[in-house]
Amino acid sequence: MSRRASPLPLAVSVGEPSGVGVDVTLAAFERRQVLDLPTFFLIADPEMVASRAERLGLDVQVRTIGRPSECGADARFFDVLPLVNHHSEAPGRPDPANAAGTIEAIDRATRLVLEGSAGAIVTNPIDKKALYDAGFRHPGHTEYLADLCTNLTGQACQPVMLLTGPDLSCVPVTIHIPLADVPAALTSELILSTARIVARDLRARFGLERPRLAVSGLNPHAGERGAIGHEDENIIRPAVEILRTEGFDVVGPLPGDTMFHPEARARYDVALCMYHDQALIPAKTLAFDETVNVTLGLPIIRTSPDHGTAADLAGTGTARPNSFIAALRLAGRMAGATEAEQDAAA
Ligand SMILES: NC(=O)c1ccc[n+]([C@@H]2O[C@H](COP(=O)([O-])OP(=O)(O)OC[C@H]3O[C@@H](n4cnc5c(N)ncnc54)[C@H](O)[C@@H]3O)[C@@H](O)[C@H]2O)c1
Ligand SMILES: N[C@H](C(=O)O)[C@H](O)COP(=O)(O)O
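Keep in mind the model is a prediction, meaning the values are calculated, not measured.

For the protein chain, the helix and strand inventory stands at 11 helices and 12 strands. The C-alpha radius of gyration of the protein chain comes to 20 Å, within 12% of the 20 Å expected for a compact globule of 346 residues. Split into buried and exposed, the 346 residues of the protein chain put 55% on the buried side. Sequence separation of at least 24 residues holds for 74% of the intrachain contacts in the protein chain that already meet a minimum separation of 6. If you sum the accessible surface of the protein chain, you get close to 14,600 Å²; carbon and sulfur atoms cover 50% of it. Side-chain charges of the protein chain comprise 31 positive and 43 negative groups, with the mean position of each set lying 3 Å from the other.

In structure tokens, the structure reads:
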């Protein structure tokens, strides 16, 4: 698979303005040349961005652009596509009044990628509770982007959350739901559809021809052959067997506690886990600074740093930009590969 950089700029959404999103974006901009980062612009309130840069003591000049094609025209400037909705600059103090701008940035970035003006969307973290308090009805970006893409394209899509780092890639089959609801939400069909999307997108977007999948169990010891819970034998194992008959390279159900040590990880490309923390605890513990959150199953490329808003660090200059930089790099590579394939097919 080609790994050329995307010639289209990446659209970065501002995320929660009281969090570290702008801080890590500015830090990445400052290192763009030395790190040879893909070209990107931020969708945000330019005044808020300029205030944050000043608070951080950064010598960054914000330039307002009207469209993505203007991005990078003068490399000295930090390009911002302005929001219609105003964002106040108040680090560490999430405010539902900012929700409209936060959502607007995600919407506009998505539309720009769908219309072919931007190569991919890189999202900064949102404060989910602040958005819920303002009436946002989706658990997170992952589910929201799927709804948005479905509405904009007319094609239904199932979003799949992939956390990918240097030594582990994993997918939570159930995503943002209470732990108590997981057993009822877990079906063989959901495991099957998730695994099929993972295999398809790892091939198309990452160049992995036949990814090796490892499926976790749900209960301790993967249910101890039915003695500690029934889901492993009645729901997960049948799904794994169907996947095998379909030609997938897949093992499972594997006990969740022993599938993440180094020798175990060497045997698979992606772990399919049954619930959010089963996947995200090992991913963030192994490589909090390098892991990237990617949404599979969408008609667009979306990446994000693995961390949240880190409101305690906003405006202090201590937030590490590493995961955001990894998200930019990965989005650039994925978009470049997609564009190369489209060129080849043309
Ligand atoms: N993609 C997203 O939109 C996304 C992802 C995760 C969490 N969130 C949201 O973020 C909010 C806060 O969540 P949380 O506290 O569980 O997680 P968090 O990642 O914001 O913070 C966890 C800990 O890690 C530290 N940390 C986070 N990012 C860091 C960085 N770049 N450099 C140095 N230290 C960093 C924080 O200071 C904190 O101590 C919640 O509202 C949550 O929903 C959003
Ligand atoms: N589940 C993610 C995490 O804990 O890192 C986070 O909430 C981001 O989810 P979205 O990308 O769907 O907002």
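Moving on, we come to the UniProt feature "binding site: substrate" (unreviewed entry) in the protein chain. UniProt's feature table lists "binding site: substrate" (unreviewed entry) at His141, Thr142, Lys284, Asn293 and Arg302, given in the numbering used throughout. Here His141 shows up in helix 5 (residues 141-153). Residue classification places His141 among the buried residues on the basis of a relative accessible area of 6%. Sequence-distant contacts of His141, defined by excluding residues within four places in its chain, comprise Ile106, Thr123, Asn124, Ile126 and Arg302. The topology assignment puts Arg302 in strand 12 (residues 302-305).

One pass over the structure, following the stated rule, counts 15 salt bridges. Between Arg67 and Glu70 there is a salt bridge, and its shortest N-O distance comes to 3.0 Å. Exposure remark for Arg67: the relative accessible area of 49% places this residue in the partly exposed category. A relative accessible area of 26% means that Glu70 is categorised as partly exposed.

Another point: the pairing of strand 4 (residues 77-82). Across the 6 residues of strand 4, 5 count as buried, placing the element largely inside the fold. Relative to strand 4, strand 2 (residues 40-44) is paired through 3 bridges, and the arrangement is parallel. Bridge assignment links Leu42 to a residue of strand 4, and that residue is Val80.

On to the site of ligand 1. Taken together, 15 residues lie near ligand 1, and Ile126, Gly308, Ala310, Asp312 and Arg320 sit nearest. Interatomic distance of 3.1 Å between a backbone N/O atom of Thr309 and an oxygen atom of ligand 1. Between ligand 1 and the protein, one listed contact pairs an oxygen atom with a side-chain N or O atom of Asp312 at 2.9 Å. When isolated, ligand 1 has an accessible area of 820 Å², and the protein chains bury 67% of it. A per-class count over the shell around ligand 1 returns 6 nonpolar, 5 polar and 4 charged.

A separate point is unusual backbone geometry. That bond from Gly252 to Pro253 is cis: its omega, -5°, falls within 30 degrees of zero. Even without a glycine there, the phi angle at Ala310 is positive, about 40°. In this fold, Ala310 is placed in the loop between strand 12 and helix 11 (322-345). The class for Ala310 is partly exposed, based on a relative accessible area of 26%.

Following both chains from N to C, one finds helix 1 (residues 21-30) and helix 2 (residues 46-55) inclined at 75°, their axes separated by 10 Å at the closest point. Here helix 1 is positioned roughly perpendicular relative to helix 2, judged by the angle of their axes. The segment helix 1 lies against helix 2, with Val22, Asp23 and Leu26 engaging Met48, Val49, Arg52 and Ala53. Residues of the contact of helix 1 with helix 2, tallied by class, amount to 5 nonpolar, no polar and 2 charged.

Before going further, it helps to spend a moment on the UniProt feature "binding site: a divalent metal cation" (unreviewed entry) in the protein chain. Here the UniProt feature "binding site: a divalent metal cation" (unreviewed entry) sits at His176, His221 and His276. An extended arrangement is adopted by the annotated residues: their sequence extent is 101 residues, and the largest C-alpha distance between any two is 23.8 Å. The residue His221 is located in the loop between strand 8 (212-216) and helix 8 (231-245) in this model. Exposure remark for His221: the relative accessible area of 45% places this residue in the partly exposed category. When neighbours within four sequence positions are excluded, His221 is seen to be in contact with Ile228 and Pro255. Within the secondary structure, His276 sits in helix 10 (residues 276-287). On the accessibility criterion, His276 (23% relative accessible area) is partly exposed. Not counting the four nearest positions on each side in its chain, His276 is found in contact with Pro172, Thr174, Ile175 and His176.

Here is what the cut-offs are and how they apply
Starting afresh in each chain, residues are numbered from 1 along the sequence in its written order. Both sets of labels track the order of writing: A upward for chains, 1 upward for ligands. For a predicted model such as this one, the threshold for reporting local features is a pLDDT of at least 70, and the threshold for listing and counting side-chain atom pairs is 80 or more; totals across whole chains, interfaces and linings nevertheless cover every residue. Working from all heavy atoms in the structure, the side-chain values ignore hydrogens and water. Secondary structure elements follow DSSP: runs of H or I no shorter than four residues count as helices, runs of E no shorter than two count as strands, and numbering proceeds from the N terminus. In this treatment the radius of gyration is a C-alpha quantity, and the globule benchmark scales as 2.2 Å times the residue count to the 0.38 power. Only protein chains enter the accessibility calculation, which uses a 1.4 Å probe; a residue whose area is less than 20% of its type maximum is buried, one above 50% is exposed, and one in between is partly exposed. Residue contacts are counted whenever heavy atoms from the two residues lie within 4.5 Å of one another. Each accessible area is a Shrake-Rupley estimate made with a 1.4 Å probe; only the visible protein chains count as cover when residues are assessed. Charge counting follows a simple rule: Lys and Arg are positive, Asp and Glu are negative, and His as well as the terminal groups are ignored. The atoms used to mark charge sites are NZ of Lys, CZ of Arg, CG of Asp and CD of Glu. UniProt positions are given in the numbering used here, feature names are shortened, and annotations may be inferred rather than shown by experiment. By definition, a salt bridge exists where a carboxyl oxygen of Asp or Glu is found within 4 Å of a side-chain nitrogen of Lys or Arg. At least two bridges found by DSSP between two strands are what make those strands a pair. We call a residue near a molecule or strand as soon as one heavy atom of that residue lies within 4 Å of the molecule or strand. Polar contacts, as counted here, are pairs of nitrogen or oxygen atoms within 3.5 Å of one another; within protein the pair requires one atom able to donate a hydrogen and one able to accept it, and residues that are adjacent in sequence qualify only if both atoms are side-chain atoms. In this classification, Asp, Glu, Lys and Arg are treated as charged, Ala, Val, Leu, Ile, Met, Phe, Trp, Tyr, Cys and Pro as nonpolar, and every other residue, Gly included, as polar. For helices, the axis comes from a line fit to the C-alpha atoms of the stretch in contact; other axes are also lines fit to C-alpha atoms, and the angle between any two N-to-C directions lies between 0 and 180 degrees. Just so you know how the angles are binned, under 35 degrees is roughly parallel, over 145 roughly antiparallel, 65 to 115 roughly perpendicular, and the rest oblique.

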